[in-house]
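Structural features, examined
In case you want the letters, here they are:
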Amino acid sequence: MVRKKIYDFHTHISSLEVLEAYYDHDIVPVINCQSSNEYLRLMADRDVFLKARPYFDGRIYYSLGIHPFDADIVDQQFGSSYEDLIGGADLIGEIGMDACWCDTPFDDQERAFVMSLDLAKKYNKSVILHTKMMEARIYNILKDYNLDMVIHWYSCDKYVREFIDLGCYFTVGPAIFLDENVRNMVKLLPMDRILLETDGVDALEWLFKKEFDINNLRNILEAVIGELADIKQVSFDIMSDSLTANSERLLGKDFYE
Ligand SMILES: [Zn+2]
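Each chain has its residues counted from 1, running along the sequence as written. Whole-chain, interface and lining totals are the exception, using all residues; otherwise, since this is a predicted model, local features are given only for residues with pLDDT of at least 70 and side-chain atom pairs are given and counted only at 80 or more. Heavy atoms throughout the structure, all of them, feed into the side-chain values; hydrogens and water do not.

A sheet is described by the order of its strands in space; here eight strands give the open sequence β1-β2-β3-β4-β5-β6-β7-β8, paired in parallel fashion. Among the strands making up the open sheet, the edge pair consists of β1 (6-11) and β8 (194-196). Taking the axes of each pair of neighbouring strands and ignoring which way they run, one obtains an average angle of 25° across the sheet. Strands in contact with helix α11 (residues 236-250) are β1, β5 (126-130), β6 (149-152), β7 (169-172) and β8; relative to β8, the strand with the most contacts, it is inclined by about 90°. Pairing between strands is defined by DSSP: at least two bridges between them are needed. Each helix is a run of DSSP H or I of at least 4 residues and each strand a run of E of at least 2, with the numbering of both proceeding from the N terminus. To define axes, lines are fitted to C-alpha atoms, for helices over the stretch in contact only, and angles between the resulting N-to-C directions are given on a 0 to 180 degree scale. The contact criterion used is simple: two residues touch if any of their non-hydrogen atoms lie within 4.5 Å.

So this is what it looks like as structure tokens:
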């Protein structure tokens, strides 16, 4: 039986082995790069990967952007090549602001965020957003942009309806098993705005407080699909097909393939 593809719409991949594991398990990652070094390493891994699999019939998707943690060191992360690299990326992200996990000055965060949004507009790219405890300020900034937006790991109990009204998509991951805010948010989300994410192996290890075996990646994503299906009261297959359709719509596959 052919396994259906699953899209992990926001992840971080730090080695060729993990990249291979994704495709071995029929999981299509959208790989985040938050520096030119991460981008160059991904391109090198991609070359090796494609050379070893001449019959590979997919594309390797990536997002690229200045993370709010690094908003005061844009030059260090991207040198002068930020705009060039953004032009070639599938999506811009993760970009945004954070008042919880970093102490980067808010002025720097907002400047880098707005610069990235302006570039997304200029190059007609969708964005992946990091909004941790800056939801209201981010909402106020986004109101002026007409972009396709994906909010990653949203865990705030407020503004969900406001972001839905802006047209945002939401990536949901295994936090759905542990965080009541995520479950409540999913109840409010229309089916055509939900995407899947892991946020990468490090995030999974942080979340579950134990080592994560990459061979369990498909199991964990299928468990999230099952949980989403239960909350939305649809079958696993309907949920899974909807997640795939949403992912492919945002990746523009209806247009390119
Ligand atoms: Zn991330």
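Glancing now at α11. Along an α-helix, residues three or four positions apart point the same way, because every turn accommodates 3.6 residues. In this scheme, a helix's expected span is set at 1.5 Å multiplied by one less than its residue total. In a regular helix each residue adds 1.5 Å, so 15 residues correspond to 21 Å; α11 covers 21 Å between its end C-alpha atoms and thus fits that length. Residue exposure (1.4 Å probe, protein chains only): buried if accessible area is under 20% of the type maximum, exposed if over 50%, otherwise partly exposed. Along α11, the residues that are buried comprise M239, S240, S242, L243, T244, N246, S247 and L250. Packing partners of the buried residues in α11 comprise β1, β5, β6, β7, β8 and α10 (217-232).

Turning next to the coordination of the zinc ion. Note: metal donors comprise N, O and S atoms at 2.8 Å or less from the metal (3.2 Å for Na, K and Ca); water molecules are not included, so apparent gaps in a site are possible. Donor atoms from the polypeptide that coordinate the zinc ion comprise H10 (NE2), H12 (NE2), E94 (OE) and D199 (OD), at 2.1 Å from the metal. Four donors are marked tetrahedral only if all angles between them lie between 85 and 135 degrees, whereas four are marked square planar and six octahedral if opposite donors are more than 155 degrees apart and the other angles lie between 65 and 115; the remainder are marked irregular. The coordination sphere of the zinc ion comprises four donor atoms, whose angles at the metal cover 86 to 172°; the geometry is irregular. In primary sequence terms, the donor set of the zinc ion follows H-x1-H-x81-E-x104-D. On the criterion of sequence distance, the pair formed by H10 in strand β1 and E94 in strand β4 (residues 91-96) is long-range, its members being 84 residues apart.

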